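Listed below, chain by chain, are the residues.
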Amino acid sequence: MNYSFRKKNKIVKYIILHYTGMKNLQSAYSRLNDKFSDVSAHYLISKQGRIYNLLCPRIKAWHAGKSQWKRDRNLNDSSIGIELENKGHDHGYTQFTSKQYESLKKLINFLKFVYRLNDKNILFHSDISPNRKKDPGEKFNLDKIGISRF
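These numbers were taken from a predicted model, which means no experiment stands behind them.

A. Representation of the overall build of the protein in the model. Of regular secondary structure, the protein possesses three helices and nine strands. Relative to the globule expectation of 15 Å for 150 residues, the C-alpha radius of gyration of the protein, 14 Å, shows essentially globular dimensions. Across its three principal directions, the C-alpha atoms of the protein cover 40 × 35 × 30 Å. Looking at the protein residue by residue over its 150 residues, the buried ones come to 50%. Counted over contacts in the protein with a minimum sequence separation of 6, partners at least 24 positions apart contribute 71%. For the protein, the computed accessible surface area is about 8600 Å², with 48% contributed by carbon and sulfur atoms.

Encoded structure:
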């Protein structure tokens, strides 16, 4: 299985932003839904702005891997993972689309409300695994979703 259940004492504290790093949406969708893969996410946003809810946020997705933010470790335990369709650095990294930004902004605002999160708890995969991950990368523009993290 590519997910597990959150421990009862673990609450959602973070939203982690990723890019898929795969050649196309179908490949990313298939991998994120493959119970035999070692990766999953709660949401996937296509270049056209379509939001796919892949896992209930109450379930622990496997998107952060070995990770740390301040004193918190293993952020899968306390985060929601959002994947943005993008080929990434290994397959022809491109700009994110305006439709992706619009959908991401709506989703983040909803999640911030539900889980009582603030902007400083919106993190990049590269923030929590700096020596291992680059996503969502230098082409991602936080200003386009109205987030001020630091």
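B. Layout of the packing of aromatic side chains. Enumeration over the complete set of coordinates arrives at seven aromatic pairs. Aromatic pair tyrosine 93 and phenylalanine 96: ring centres 6.2 Å apart, planes at 80°, arrangement edge-to-face. The class of phenylalanine 96 is buried, set by a relative accessible area of 6%. Aromatic pair tyrosine 101 and phenylalanine 140: ring centres 5.5 Å apart, planes at 40°, arrangement tilted. Placement of the pair is tyrosine 101 in helix H2 (residues 98–115) and phenylalanine 140 in the segment after helix H3 (125–128), with a sequence separation of 39 residues.

C. Quick look at a nonpolar patch on the surface. On the surface, Phe110, Phe113 and Val114 cluster together into a nonpolar patch covering about 350 Å² of accessible area. Tracing the backbone through its elements, the reader meets phenylalanine 113 in helix H2. With a relative accessible area of 69%, phenylalanine 113 lands in the exposed category.

D. Summary view of the pattern of salt bridges. According to the stated counting rule, one finds four salt bridges in the structure shown. The closest approach of N and O atoms between aspartate 77 and lysine 60, which form a salt bridge, is 2.7 Å. Remark: lysine 60 occurs in strand S5 (residues 59–61) and aspartate 77 occurs in the loop between strand S7 (72–73) and strand S8 (79–84); sequence separation between them is 17 residues. Here aspartate 77 and lysine 60 have matching classes, each one buried.

E. Looking closely at the pairing of strand S2 (residues 14–19). Taking burial as the measure, the six residues of S2 include six buried ones, the bulk of the element. Of the two faces of S2, the one lined by Tyr14, Ile16 and His18 and the one lined by Ile15, Leu17 and Tyr19 are each fully buried. Strand direction decides the pairing type here: S2 and S8, joined by six bridges, are parallel. Each residue of the ladder has a partner; that of tyrosine 19, found in S8, is leucine 84. Note that S2 and strand S9 (residues 122–124) share three bridges and pair parallel. Bridge pairing links isoleucine 15 to isoleucine 122 in S9.

F. Molecular detail of a positive patch on the surface. A cluster of basic side chains, namely Lys66, Arg73, Arg132 and Lys133, defines a positive patch on the protein surface. Inspection of the secondary structure assignment puts arginine 73 in strand S7.

G. Spotlight on unusual backbone geometry. Following aspartate 135, the chain continues into proline 136 via a peptide bond in cis, with omega recorded as 5°. Here proline 136 lies in the segment after H3. Positive phi outside glycine occurs at asparagine 74, with the angle close to 50°. Here asparagine 74 shows up in the loop between S7 and S8.

Thresholds applied
Per-chain numbering applies: the sequence of each chain, read as written, is numbered from 1 onward. Only residues with pLDDT of at least 70 are given local features in this predicted model, and only at 80 or more are side-chain atom pairs given and counted; all residues enter the totals for whole chains, interfaces and linings. The side-chain quantities take in all heavy atoms of the structure and omit both hydrogens and water. Each helix is a run of DSSP H or I of at least 4 residues and each strand a run of E of at least 2, with the numbering of both proceeding from the N terminus. Only the C-alpha atoms count toward the radius of gyration. The rule for a globule is 2.2 Å times the residue count to the power 0.38. Burial classes: relative accessible area under 20% of the type maximum marks a residue as buried, over 50% as exposed, and values in between as partly exposed (1.4 Å probe, protein chains only). In what follows, a contact means two residues having at least one pair of non-hydrogen atoms within 4.5 Å. Accessibility throughout is a Shrake-Rupley quantity obtained with a 1.4 Å probe, and a residue counts as covered only by protein chains that appear here. Each Phe, Tyr or Trp ring (for Trp, its six-membered ring) is paired with any other whose centre lies within 6.5 Å, and the angle between the two planes then decides the class: stacked below 30 degrees, edge-to-face above 60, tilted in between. Patches here: salt-bridge-free residues with over 30% relative accessible area, like charges joined within 9 Å, nonpolar side chains (Val, Leu, Ile, Met, Phe, Trp, Tyr) joined within 5 Å. Salt bridges, as used here, are contacts in which a Lys or Arg side-chain nitrogen is within 4 Å of a carboxyl oxygen on Asp or Glu. By definition, two strands form a pair when at least two bridges between them are found by DSSP. Charged-residue counts in this description rest on Lys and Arg as positive and Asp and Glu as negative, His and the chain ends being excluded. We put the charge of a Lys on NZ, of an Arg on CZ, of an Asp on CG and of a Glu on CD.

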